[in-house]
Amino acid sequence: MKEPSEKKQHLSRRFFIKSTSAFAALALMPHSVKAFYHDIKDTFFIKKEIIGLQLKINGKAYSLRSDSRTTLLDLLREQLQLTGTKKGCDHGQCGACTVHVNGDRVLSCLTLAATLPQTEVTTIEGLANGSELHPMQEAFLEHDGFQCGYCTPGQIMSAVACVKEGHTNSVEEIKEFMSGNICRCGAYNGITNAVKSVAT
Ligand code: FES
Ligand code: FES
């Protein structure tokens, strides 16, 4: 059995050999491998950059400064406190974050705010005309198109676009073109009836 002092000496010798080997491996790493590592880093980790943004949201012009990587959803909710647009999955799967850009429905969680100069963004806050609700908002109330209401702003923005696109010729078509908006409460019948009533 080794004496404690002998053991300590053995460990420190082992540590010395291991650490010098690691440094030597790093130093000897081929230039091409290092360049590859830097390419990967630049590709997948976009550097932080604060940029100026000019946006028109609900008819109002905004001049802002923001991280170039900010999504429209985060800009709306966290910088402008327009929290009517909801964050569900943040991955383009639930539709809760739907807003209009130039009248077309888009998922704001997948849209970089920096890509939107010269565009007109409309959120659920901009749909009503003062105290007068949009017909689709009225229809959701009338047809019980919601329960908890979390998905509702996205559903309504999608529904308005669905009618405008003309995808309302049958219940099946409405369901198909509203299928990007998930409702965990299962208020689908009310939602479909609301869209149908506005379309007709
Ligand atoms: S939060 Fe954008 S699709 Fe779910
Ligand atoms: S009303 Fe609750 S998720 Fe749709």
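Cut-off values and rules
- Residues numbered from 1 in each chain as written.
- Chains lettered and ligands numbered in written order.
- Predicted model: local features only at pLDDT ≥ 70, side-chain atom pairs only at ≥ 80, totals over all residues.
- Helix = DSSP H or I, 4+ residues; strand = E, 2+ residues; numbered from the N terminus.
- Buried ≥ 20, exposed ≤ 12 C-beta atoms within 10 Å, placed from the backbone.
- Contact = placed C-beta atoms within 7 Å.
- Axes fitted to C-alpha atoms, helices over the stretch in contact; angles between N-to-C directions.
- Parallel < 35°, antiparallel > 145°, perpendicular 65-115°, else oblique.
- Left-handed = near helix turned anticlockwise from the far one by under 90°.
- Nonpolar A, V, L, I, M, F, W, Y, C, P; charged D, E, K, R; others polar.
- Pairing = 2+ DSSP bridges.

**Observations concerning the overall build of the protein chain**
Then, number 1: Within the protein chain one finds seven helices and five strands.
Then, number 2: Going from N to C terminus, the protein chain has its helices and strands arranged as α-α-β-β-α-β-β-β-α-α-α-α.
Then, number 3: Sorting the 200 residues of the protein chain into buried and exposed places 28% on the buried side.
Then, number 4: Excluding contacts between residues fewer than 6 apart, the proportion of contacts in the protein chain whose partners are at least 24 apart in sequence is 56%.

**Topic: unusual backbone geometry**
One can expect most non-glycine residues to show negative phi and most peptide bonds to be in trans.
Then, number 1: The backbone of Asn58 shows a phi angle near 50 degrees, a positive value even though the residue is not glycine.
Then, number 2: Tracing the backbone shows Asn58 in the loop between β1 (50-57) and β2 (60-67).
Then, number 3: When the 16 C-beta atoms within 10 Å are taken as the criterion, Asn58 is described as partly exposed.
Then, number 4: The residue Asp90 is not glycine, and still its phi comes out positive at about 65 degrees.
Then, number 5: The topology assignment puts Asp90 in the loop between α3 (72-79) and β3 (98-101).

**A look at the packing of helix α4 (residues 135-142) against helix α5 (residues 152-165)**
Between two packed helices, both the angle of their axes relative to each other and the distance between the axes serve to describe the pair.
Then, number 1: Relative to each other, α4 and α5 sit at 125 degrees, their axes nearing to 10 Å. The angle between the axes of α4 and α5 places the two elements in the oblique class. Between α4 and α5 the crossing geometry is right-handed. Between α4, through Met136, Gln137 and Phe140, and α5, the contact on the second element is made entirely by Thr152, Ile156, Ala159 and Val160.
Then, number 2: Residue classes in the contact of α4 with α5 are distributed as five nonpolar, two polar and no charged.

**A few points about the pairing of β2**
Looking down a regular strand, the side chains alternate between one sheet face and the other.
Then, number 1: Summarising burial for β2: zero of the eight residues are buried, a small minority.
Then, number 2: Relative to β2, β1 is paired through eight bridges, and the arrangement is antiparallel. Each residue of the ladder has a partner; that of Ile57, found in β2, is Lys60.
Then, number 3: Counting the residues between successive antiparallel strands, the hairpin from β1 to β2 contains two residues, one of them, Asn58, with a positive phi of roughly 50 degrees.

**Regarding the environment of Lys60**
Then, number 1: Within the fold, Lys60 resides in strand β2.
Then, number 2: On the neighbour-count criterion, Lys60 (10 C-beta atoms within 10 Å) is exposed.
Then, number 3: Linking Lys60 and Gly126, residues 66 residues apart in sequence, is a C-alpha distance of 9.8 Å.

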